[in-house]
Amino acid sequence: MGELTDLKKLAEKYKSEGTVSTADNEPKKDFSWCKNYRTCIFANGMIEIRTKYVDPINQSMYETLKAKWDPERRARVLPKTNVVNVYSFCKENNFKFDFPFLDVYKQALKDIERSKAVSAKIDIPRPEGLEYMPFQIAGIKYASNRESTLIADEMGLGKTIQAIGVINMLETKGKLNKILVICPATLKKNWQKEMQKWLVLEHTFNIVKTEFDDSDIHIINYDVLKKHRDVLHNTLWDVLICDESHYLKNYKSARTIEVIGNWKTKQQPIQANTKMFLTGTPILNRPLELWTTLSYLAPKMFDWRNYVTRFCGGTYTDGFWDIKGATNLDELQNLLRSSIMIRRLKNDVLTELPKKRRQVIELPANEAITAVKKEKEAWDAKEKLIYELKMAVELAKLNDNQEQYNSAVNRLKECASVAFTDIAKIRHETAVAKIPYVIAHLEGCLEEEDKIIVMAHHKDVINALYDHFKDIAVKLTGEDNVDAKDLAVTKFQNDPNIRVFIGSIKAAGLGITLTASSHVVFAELDRKSV
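Residues numbered from 1 in each chain as written. Predicted model: local features only at pLDDT ≥ 70, side-chain atom pairs only at ≥ 80, totals over all residues. Heavy atoms only, no water.

**Student:** Honestly, a nonpolar patch on the surface in this entry has me stumped. Any pointers?
**Tutor:** Residues V520, F522 and L525 make up a contiguous nonpolar surface patch of roughly 300 Å² in combined accessible area. Of note, V520 is situated in strand 20 (residues 520-522). (Patch = residues over 30% accessible without salt bridge, like charges linked within 9 Å, V, L, I, M, F, W, Y side chains within 5 Å. Areas by Shrake-Rupley, 256 points an atom, 1.4 Å probe, with all protein chains shown as cover. Salt bridge = Lys/Arg side-chain N within 4 Å of Asp/Glu carboxyl O. Helix = DSSP H or I, 4+ residues; strand = E, 2+ residues; numbered from the N terminus.)

Okay, structure coming up:
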């Protein structure tokens, strides 16, 4: 009897916890009743997920959402940036939602749509004679309403113009005089030129070389940030723009630490009221590379451990983290789009794009620019002389003087021949001087583009470029036979490891198809002969 009584007590115990008994009185747990207690609310700025302690969903919820238990709230909590993923999980598992949570969810969906918007209705200040494209207006509107924005449009969609448009919007409330632009060295002059073109208000500029001055806008390259640490970190900037922000992907690199700080050394980040990071490739290889951007633009979104375990497949073994993986990428994109990122692809706005977009990359003031000036001066002098000789020919015609005409024509031919030879020599010197800067520019482009086409005229320029990129490049020149040319094109079109096509302007300019890339860099242009 005592044993039977104990079994009855055990059965009553499991019944009170939501269990049933099998035919042989062995208890089998049934927690279906727990579904009635599953709720998801939004309170005090956080998402609270509430369940019964014995609910089996808790384990799945932790594994899926990484939701932490908060003993004070007596609930699992997450920041509201996770609302889209929380809603999907909880809806699938029969949770009930309160109205504040649903409001946050609806707002997140709107933010995701705004991050993909290709048009918007808003008046944005612009200089007379210039127009923003509709998708750029949408981007400016998106970023103007945020303290931090990751403008991650595909390369070629005008991220620079959108960042400048945000400044124009901010300056409707008053002129800004502390604007900092950080970019690769090869883009500093281009930033100054574009800002001078697109800014509505007049500004003074300082392309930082040795020191900061009292200019409104300072443009500095990543490589020299450490030299100017005191000024950069002791100033509250109105606007900070980091162009090609994937340069900051390595959290250990000096340039990354100078921008976002370092918690180990207690170095503070650069402070700014409005922060914009610009990149066409927010994630180059793996989600870990985005952590530095997120930790700066949205520090409250994740802690490091949650981020690497959720999105980097992070595992901790024998005292070391393995965080080189990539997991839950759709969830990560939703988080980014609902919080800080706007990203459109060329296909999204193809109908708005002009047939071609051209950009001139200016060289720094050194031996390369000296060679360019020498070429221009020589060309201008020869053009002036040839113009005068052509006028002499026309004058001889007018005078109906055959001897004078023949003499003028001969002088013109001789001058044209000499001019072509002299100019060709100087152009070659210019092309060679530009090689290091062309390589630097291409390396920057390859950070954003899968494939790129490079065209040049001189053989030694083509060879120098190929020698630098030979592991990922093919080349095509007039010396190649038909089979070699076809092989080069086929590899570039079909092999994902071949990312650079280097071609001679004449040999590769006609009769071949290079649709694997829409980005062409002309290392030099072939002037028409005189």
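**Student:** Where do I start with the pairing of strand 19 (residues 500-504) in this structure?
**Tutor:** For a regular strand, the rule is simple: side chains alternate between the two faces of the sheet. Counting buried positions over the five residues of strand 19 gives five, a clear majority of the element. Alternating positions in strand 19 separate into two faces, V500, I502 and S504 on one and F501 and G503 on the other, with burial throughout. As paired strands, strand 17 (residues 452-456) and strand 19 are joined by five bridges and run parallel to one another. Counterpart to M455 in the pairing with strand 19 is G503. Here strand 18 (residues 473-476) runs beside strand 19; their pairing, made up of four bridges, is parallel. Its bridge partner lying in strand 19, L476 is registered against G503. A crossover links strand 18 with its parallel partner strand 19, the connecting element being helix 16 (residues 482-494), and its sense is right-handed. (Buried < 20%, exposed > 50% of the residue type's maximum accessible area, 1.4 Å probe, protein only. Pairing = 2+ DSSP bridges. Right-handed = clockwise from strand over helix to strand, strands pointing away.)

**Student:** Whenever I open this one, the nonpolar core confuses me. Can you help?
**Tutor:** Judged by nonpolar contacts, the single largest core of 40 residues is most densely connected at L180, I182, V259, I270 and Y307. For this core, the elements supplying multiple residues, two or more each, are strand 9 (179-183), strand 12 (236-243), helix 9 (254-260), strand 13 (271-278), helix 10 (291-297), helix 11 (304-311) and helix 12 (329-337). Ranked by the residues each element gives to this core, the list is headed by helix 10, at four residues. When neighbours within four sequence positions are excluded, I270 is seen to be in contact with L180, I182, L232, H233, W237, L240, E258, V259 and Y296. Y132, I151, W191 and M276 belong to the second largest nonpolar core, which has 31 residues in total. (Core = buried A, V, L, I, M, F, W, Y, C linked by side-chain atoms within 4.5 Å. Contact = heavy atoms within 4.5 Å.)

**Student:** Just to check I follow, could you spell out helix 2 (residues 57-65) for this structure?
**Tutor:** For helix 2, the complete set of buried residues consists of I57, N58, M61 and L65. Buried residues of helix 2, viewed axially, fall in a sector of 100°; they line one side. The inward-facing, buried residues of helix 2 contact strand 4 (46-50), strand 6 (75-79) and helix 3 (83-92). Among the residues trailing helix 2, K66 stands out with phi positive, at a value near 55°. (Arc of directions from axis to C-beta.)

**Student:** Looking at this model, I keep getting lost on the packing of aromatic side chains. Mind explaining?
**Tutor:** The geometry of two aromatic rings is summed up by the distance between their centres and the angle between their planes. Within this structure, the stated rule accounts for twelve aromatic pairs. For the ring pair F97 and F101, a centre distance of 5.1 Å and an interplane angle of 15° mean the geometry is stacked. Taking the relative accessible area as the measure of exposure, F101 reaches 0% and is therefore buried. Summarising the aromatic geometry, the rings of Y222 and Y247 are spaced 5.4 Å apart at their centres and angled 25° between planes, so their arrangement reads as stacked. With Y222 in the loop between strand 11 (217-221) and helix 8 (229-233) and Y247 in the loop between strand 12 and helix 9, this pair connects stretches of sequence that are 25 residues apart. Note on Y247: relative accessible area 18%, which makes it buried. (Phe/Tyr/Trp six-rings, centres within 6.5 Å; stacked < 30°, edge-to-face > 60°.)

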